[in-house]
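# Architecture at a glance
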Amino acid sequence: MVAFPPCKINIGLQILSRRQDGFHTISTCFYPLPWTDVLEILPAEQTQFIQSGNVIPGKNEDNLCLKAYHLLQTDFKIGPVKIHLHKIIPTGAGLGGGSSDAAYTIRMLNTVFDLKLSQKQMMDYASALGSDCSFFIQDSPMIGSGRGEVLDPVVLNLKGFYVVVIKPSIHVSTAEAYNGVTPMPLSATLNSLIGMPVDQWKDRIKNDFELSLFPKYPVIQQVKEKLYQLGALYASMSGSGSSVFGIFRNEIDSRMQFRDSFGWAGKL
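Residues numbered from 1 in each chain as written. Predicted model: local features only at pLDDT ≥ 70, side-chain atom pairs only at ≥ 80, totals over all residues. Heavy atoms only, no water.

### Quick look at the pairing of strand E9 (residues 162-166)
To be explicit about the condition: Type-normalised accessible area, obtained with a 1.4 Å probe on protein chains alone, sets the label of each residue: buried when under 20%, exposed when over 50%, and partly exposed for intermediate values. By definition, any uninterrupted DSSP run of H or I lasting at least four residues is a helix, any uninterrupted run of E lasting at least two residues is a strand, and each is numbered from the N terminus. DSSP bridges decide pairing: two strands pair if at least two such bridges lie between them.
With five of five residues buried, E9 lies mostly within the body of the structure. Side chains of E9 alternate between two faces, with Tyr-162, Val-164 and Ile-166 and Val-163 and Val-165 buried alike. Bridge count for E9 against strand E11 (residues 244-248) is five bridges, and the pairing is antiparallel. Looking across to E11, one finds that Ile-166 is bridged to Val-244.

See the structure below:
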């Protein structure tokens with residue numbers, strides 16, 4: 001079985017408070033983008049994990065796909081599998097690629113082994129692997145709260161807009177991003193702000209990580225400013241960075257404009 005785990009962008013990301021468990025309470029809007037990895041899972045004689053493409057550094061056993069497999073294996077008699085992950089979505093980009101791979105592993109194992117898990121059950125397993133993993137069990141925009149695992153549907157349709165994602169050659173770890181952030185009270189709900197036309201989002205919908213990361217990594221801020229110069233209706237860093245996205249009314253030649261850091265572009 002082959003699937004194509006997508007990435008996400010965060011439209012707004014408010015850090016509201018630090019929790020006693022060490023996580024932070026946030027408010028954000030997750031929006032899926034069709035920039036995908038490729039994931040294949042097949043029954044096998046012994047469990048095997050293979051990576052290709054933009055290989056994630058580290059030990060295979062630390063990969064979220066294998067962690068998802070072993071998590072389900074604790075509750076179900078699922079046999080050995082061969083997992084082949086072809087990595088395209090960059091890591092350290094704030095795009096949730098690893099979380100998406102983990103969620104899609106759960107979705108695919110549910111199908112391959114006919115586990116009959118409900119969407120709610122799959123989301124519970126996914127949230128045990130990462131704060132934004134459960135978002136990828138569904139395929140629609142969501143408002144994320146709590147540490148990102150509490151999801152509520154939001155009416156948001158960017159169909160027809162042109163989106164550009166730029167990934168500077170900088171890796172920003174989630175831990176690094178959170179260490180520099182100062183929680184702030186909720187100024188306005190994302191639900192109300194997202195209901196505005198996209199060209200009214202600028203200066204209203206913000207990513208709180210930008211405040212601490214832009215001075216440390218000026219190139220990220222420069223990418224955002226250039227997207228606006230090129231005519232973006234709205235531009236923002238995604239998640240904890242380092243990628244920046246711009247939403248445009250019409251197609252632009254982004255590959256030529258960002259030769260060294262071009263990521264993905266397409267019409268939704």
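### Notes on the state of the cysteines
Test applied: Disulfides are defined as cysteine sulfur pairs within 2.5 Å.
Within the structure shown, the criterion is met by zero disulfides. Left without a disulfide partner, Cys-7 is nearest to the cysteine sulfur of Cys-29, which lies 14 Å away. According to the relative accessible area criterion, Cys-7 is buried, its value standing at 0%.

### Describing the layout of surface pockets
The condition that has to hold: Using only the protein atoms, space was sampled on a 1 Å grid; points where a 1.4 Å probe fits but cannot get out form cavities, open sets with protein on both sides within 12 Å along at least five of seven lines form pockets, and lining residues are those with an atom within 4 Å of a point. Grid points are joined across faces, edges and corners, and a volume is the space filled by probe spheres set on the points. By the convention adopted, Pro, Cys, Tyr, Trp, Phe, Met, Ile, Leu, Val and Ala count as nonpolar, Lys, Arg, Asp and Glu as charged, and the other residues, Gly among them, as polar.
What the largest pocket holds in volume is close to 1,100 Å³. If you go around the largest pocket, you meet 49 residues; those closest to its centre are Gly-96, Ser-99, Asp-132, Thr-174 and Ser-240. Looking at the lining of the largest pocket, the elements with two or more residues in it are strand E2 (6-18), strand E3 (24-36), helix H1 (64-73), strand E6 (81-87), helix H2 (97-112) and helix H4 (174-179). Along the lines of polarity and charge, the residues of the lining of the largest pocket split into 17 nonpolar, 24 polar and eight charged. Tallying contributions element by element places helix H6 (residues 210-216) first for the lining of the second largest pocket, with three residues. Here the residues of the lining of the second largest pocket sort into seven nonpolar, one polar and six charged.

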